[in-house]
Amino acid sequence: QQPQVLPLVHPVLLKGQGLTIERPARSRGTAVGVVASGAALALALLLVVRGLGWPTSLPAFIAYAGAGMMMAVAAAFVFWTWCCITMRYIVGPAGVTIRWGPVRHQIPISRIEAITAGRLEQNPRNRGIGWTGYHVGEGRAGDWDRVLFFSTHRTPEEIVYVSTADTAYAISPRDPARFATEIQRFYQAAAAEDTGVSREGPSVERDFVASHPIWTDRTAQLLVFLGVVINVALWGYIFGNYPHLNNQITIQFPPIGSITTLHSRYAILKIPATATAILGVNLFASLLFQPRERAATYLLLTGTLFLQLAFLISAVVAILNS
């Protein structure tokens, strides 16, 4: 059965090299992303400035930690906004390609079963990224239990569902009818060639960075997360106890070295600083090793985790002996 064609509305398409390319309306989604990332960045800078005016203490650590979190939030919104700007839908002889940032979803033309206009009663729900004018992620709508959203719709009526046997793709072309007509044209051309039904289903292609195995390796992600958490806890412990230290303290540093007498308590900051440097170098090295030597990556990350614990123990001992 051929895909259902929607009623014709205003055409605004870009054509080239035998392909039909359409970019959805992105102004509102992009504006929200820019405002959110700018607000997070401004808050991060404010926390840093505020923390610089405080002595080394727990409040200063909270300010710096909050600034780091806001920087991460700002980076996430910048990435999502860039993906919104680069979102596009491409129709060609091979099928429909949905481009979102570093990811491309390929839907073979022979696998498309219907193109359906969105309706309010379908009640689309997205469990991924979502704000006004921007919706990306997995969800459901109407009779579809699995819907992949790549749209910038503001109302359900702006959605077009390109459905296969087990998945529906929710997109928002500026001209749904013309977009559906182009799919119909390529569908009929493929049927006229009588090459048979393709056995290949929808596929996903990723750019170099997005295809790195770290994004799907839960074990490596857990080891990285634990290492970062211990490192942050180390900084928090040092900052929280720093105001109560004597001017002269003794610490075991490096953690496997000998007892050294320090003439200034400021030297205790070498412990978390060194731990952070080791963490950064090892994380970078693990990213290089993982595509080819996953076992070596686990070994490196596990060693990093134990080193972070060793530095934390060293800091505890130094403070208890001060």
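Residues numbered from 1 in each chain as written. Predicted model: local features only at pLDDT ≥ 70, side-chain atom pairs only at ≥ 80, totals over all residues. Heavy atoms only, no water.

Let's shift gears to the packing of helix α1 (residues 27-52) against helix α2 (residues 58-86). Where α1 meets α2, the closest approach of the two axes is 8 Å, and the angle between their N-to-C directions is 160°. Taken together, the axes of α1 and α2 are roughly antiparallel relative to one another. In the packing of α1 onto α2, the handedness of the crossing is left-handed. Its residues assigned to classes, the contact of α1 with α2 comprises 21 nonpolar, seven polar and no charged. (Axes fitted to C-alpha atoms, helices over the stretch in contact; angles between N-to-C directions. Helix = DSSP H or I, 4+ residues; strand = E, 2+ residues; numbered from the N terminus. Parallel < 35°, antiparallel > 145°, perpendicular 65-115°, else oblique. Left-handed = near helix turned anticlockwise from the far one by under 90°. Nonpolar A, V, L, I, M, F, W, Y, C, P; charged D, E, K, R; others polar.)

Let us look at the confidence of the model for the protein. Mean pLDDT for the protein: 85, with 87% of residues reaching 70 or above. Within the model, the stretch residues 4-17 combines pLDDT values under 50 with 37 contacts to residues more than four positions away or in other chains. (pLDDT = per-residue confidence, 0-100. Contact = heavy atoms within 4.5 Å.)

Before going further, it helps to spend a moment on the nonpolar core. Counting 29 residues, the largest nonpolar core has Val96, Ile98, Trp100, Ile112, Tyr134 and Ile183 as its most contacted members. Looking at this core element by element, the count peaks at five residues for helix α3 (residues 176-193). If you look at the next biggest cluster of nonpolar residues, it comprises 15 residues, including Ile268, Ile271, Phe311 and Ala318. (Core = buried A, V, L, I, M, F, W, Y, C linked by side-chain atoms within 4.5 Å. Buried < 20%, exposed > 50% of the residue type's maximum accessible area, 1.4 Å probe, protein only.)

When the terminal C-alpha atoms of α1 are compared, their 37 Å separation across 26 residues agrees well with the 38 Å that a helix rising 1.5 Å per residue should span. Regarding α1, the residues found buried are Gly29, Thr30, Gly33, Ser37, Ala40, Ala44 and Gly51. Against α2, β8 (129-131) and β9 (134-141) lie the buried residues of α1. (Expected span 1.5 Å × (residues − 1).)

Here we take up the side chain of serine 163. Inspection of the secondary structure assignment puts serine 163 in strand β11 (residues 160-163). Relative accessible area serves as the criterion here: at 5%, serine 163 is assigned to the buried category. Setting aside chain neighbours within four positions, we find serine 163 in contact with Arg111, Ile112, Glu113, Ala114, Trp144 and Ala168.

This part takes up the pairing of strand β5 (residues 103-108). When strand β4 (residues 95-100) meets β5, the two strands line up antiparallel, connected through six bridges. Considered in β5, the bridge of threonine 97 is made with glutamine 106. Here β4 folds back onto β5, and the loop between the two strands holds two residues, one of which, glycine 101, carries a positive phi near 60°. Both β5 and strand β13 (residues 203-206) contribute to a ladder of four bridges, which runs antiparallel. Each residue of the ladder has a partner; that of histidine 105, found in β13, is valine 204. (Pairing = 2+ DSSP bridges.)

Let us now look at the pairing of strand β12 (residues 168-171). Going residue by residue along β12, you find Ala168 and Ala170 tucked away on one face and Tyr169 and Ile171 tucked away on the opposite face as well. Bridging between strand β10 (residues 144-151) and β12 involves four bridges; their strand directions are parallel. Paired with phenylalanine 149 across the two strands is alanine 170, which belongs to β12. Of the strand pairs in this sheet, β11 and β12 are connected by four bridges, and their pairing is antiparallel.

This part covers the packing of aromatic side chains. Enumeration according to the criterion identifies eleven aromatic pairs in this entry. Note on phenylalanine 61 and phenylalanine 239: the rings are 6.3 Å apart at their centroids and 50° apart in plane angle, and the pair reads as tilted. Here phenylalanine 61 is found in helix α2, whereas its partner phenylalanine 239 is found in helix α4 (residues 218-241), with 178 residues between them in sequence. The burial state of phenylalanine 61 is the same as that of phenylalanine 239; both residues are buried. (Phe/Tyr/Trp six-rings, centres within 6.5 Å; stacked < 30°, edge-to-face > 60°.)

This next bit is on α4. Look at α4: 34 Å from first C-alpha to last across 24 residues, which is about the 34 Å you get at 1.5 Å a residue. Every buried residue of α4 is accounted for by Ala220, Leu223, Gly227, Ile230, Asn231, Leu234, Gly236, Ile238 and Phe239. Check the buried side of α4 and you find it contacts α2, α5 (270-289) and α6 (294-320).

Okay, the environment of valine 232 next. With respect to the helices, strands and loops of the structure, valine 232 is situated in helix α4. Under the relative-accessibility criterion, valine 232 is labelled partly exposed at 38%. The sequence separation of valine 232 and phenylalanine 61 amounts to 171 residues, and the corresponding C-alpha distance is 9.5 Å.

Moving on, we come to the pattern of salt bridges. Throughout the structure, instances matching the rule amount to ten salt bridges. Residue arginine 104 is joined to glutamate 205 by a salt bridge in which the shortest nitrogen-to-oxygen separation is 3.3 Å. Note that arginine 104 is positioned in strand β5 and glutamate 205 in strand β13, a separation of 101 residues in sequence. On the basis of relative accessible area, glutamate 205 is assigned to the partly exposed category, the value being 35%. A salt bridge links aspartate 207 to arginine 104, with the nearest nitrogen and oxygen atoms 2.8 Å apart. Here the residue aspartate 207 occupies a position in the loop between β13 and α4, and arginine 104 occupies one in strand β5, the gap between them amounting to 103 residues. (Salt bridge = Lys/Arg side-chain N within 4 Å of Asp/Glu carboxyl O.)

Packing of α5 against α6 brings their axes to within 9 Å, and their N-to-C directions diverge by 175°. By the angle class used here, α5 and α6 are roughly antiparallel. Residues Ile271, Thr274, Ala275, Ile278, Leu279, Asn282, Leu283, Ala285, Ser286 and Phe289 of α5 touch α6, and the partners they reach there are Arg294, Thr297, Leu300, Leu301, Thr304, Leu307, Gln308, Phe311, Ser314 and Ala315. Of the residues contributing to the contact of α5 with α6, the split by class is twelve nonpolar, seven polar and one charged.

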